[in-house]
Amino acid sequence: MSSFAAEIEQFLHTYEELQSAVAGLTDEELRWKPAPDKWSVTEVLVHVSDHLIVVSFRIREILSGSAARLPAFSQDDWVAGQRANEAEAADVLEAFRSLLVYNGQLLRRLPEADWDKTAVNFKGETVSLLSVIRGFVAHARNHLGQIDRIRRAEAGSRSSGSCDLVSREGGR
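## Notes on unusual backbone geometry
Right, so step 1: The residue R83 is not glycine, and still its phi comes out positive at about 50°.
Right, so step 2: When its relative accessible area of 59% is taken as the criterion, R83 is described as exposed.

Following this line, the structure appears as structure tokens:
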């Protein structure tokens, strides 16, 4: 077993955290947007899933010793381009869970030395595999806060008939 078991468990736990964050929401609540240029809960879920796809690639690039820069992605364009708000949240979460588990299996196989392997990210910074995993967990948790803010704004809009804009922290 990896000496990085705690990091792997935190990584895998992001699924349960996201699932809990959206529990009990109706399709209407999942797709509600605080403003046309802000994300819905469903769009946040799609974004976090997209980020996991990119992280999955980054993990493999680091492990391969590639000299290529780790990719960035245009989060707003990805969300808009795939009509993310039309997705079913349950389907998005299931795809997220599957990829998370697959990556978790890989991470559990790694010897300790692999966690120190590095690559250069799109900003020109050297990052380790460990920092990529920890960064993903932190990013997902940031979006848990965003989901909570959207939920509260949606509930407030129902009770007052108005809408409080949700800040763009870490995404729309």
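Here the narrative resumes.
## So, the pattern of salt bridges
Right, so step 1: Counted by the stated rule, this structure contains 11 salt bridges.
Right, so step 2: One salt bridge connects R134 with E7, and the closest N-O pair in it is separated by 2.7 Å. Residue R134 is located in helix α6 (residues 129-160), and its partner E7 is located in helix α1 (residues 5-22); the two are separated by 127 residues in the primary sequence.
Right, so step 3: On the accessibility criterion, R134 (47% relative accessible area) is partly exposed.
Right, so step 4: The salt bridge involving K33 is made with E43; its shortest N-O contact spans 3.0 Å. Of the two residues, K33 is situated in the loop between α2 (27-31) and α3 (41-64) and E43 in helix α3; the sequence distance between them amounts to 10 residues.
Right, so step 5: On the basis of relative accessible area, K33 is assigned to the partly exposed category, the value being 27%.
Right, so step 6: When salt bridges with common partners are traced through the structure, they connect E29, E154 and R158 into a single cluster.

## A word on the packing of aromatic side chains
Aromatic ring pairs are defined here through the distance separating the ring centres and the angle between the ring planes.
Right, so step 1: The final tally for this structure, using the stated rule, is four aromatic pairs.
Right, so step 2: Considering the side-chain rings of F73 and W78, the 4.7 Å spacing of their centres and the 50° angle between planes classify their relative orientation as tilted.
Right, so step 3: Residue classification places W78 among the partly exposed residues on the basis of a relative accessible area of 35%.

## Observations regarding the packing of α1 against α6
Right, so step 1: With their axes 10 Å apart at the nearest point, α1 and α6 run at an angle of 15° to one another. Overall, the two elements α1 and α6 adopt an arrangement that is roughly parallel. Where α1 crosses over α6, the two elements pack in a sense that is left-handed. Together, E7, Q10, F11, T14, E17, L18, S20, A21 and V22 of α1 and L130, I133, R134, F136, V137, A140, R141, L144, I147 and R151 of α6 make up the contact between the two elements.

## Quick look at the nonpolar core
Right, so step 1: Judged by nonpolar contacts, the single largest core of 47 residues is most densely connected at F11, W115, L129 and F136.
Right, so step 2: At the level of elements, α1, α3, α5 (89-109) and α6 are the ones that each hand at least two residues to this core.
Right, so step 3: When residues in this core are grouped by element, the largest group, 11 residues, is from α6.

So, how was this worked out
Residues numbered from 1 in each chain as written. Predicted model: local features only at pLDDT ≥ 70, side-chain atom pairs only at ≥ 80, totals over all residues. Heavy atoms only, no water. Buried < 20%, exposed > 50% of the residue type's maximum accessible area, 1.4 Å probe, protein only. Salt bridge = Lys/Arg side-chain N within 4 Å of Asp/Glu carboxyl O. Helix = DSSP H or I, 4+ residues; strand = E, 2+ residues; numbered from the N terminus. Phe/Tyr/Trp six-rings, centres within 6.5 Å; stacked < 30°, edge-to-face > 60°. Axes fitted to C-alpha atoms, helices over the stretch in contact; angles between N-to-C directions. Parallel < 35°, antiparallel > 145°, perpendicular 65-115°, else oblique. Left-handed = near helix turned anticlockwise from the far one by under 90°. Contact = heavy atoms within 4.5 Å. Core = buried A, V, L, I, M, F, W, Y, C linked by side-chain atoms within 4.5 Å.

In short, shape yes, function no, at least from these values alone.
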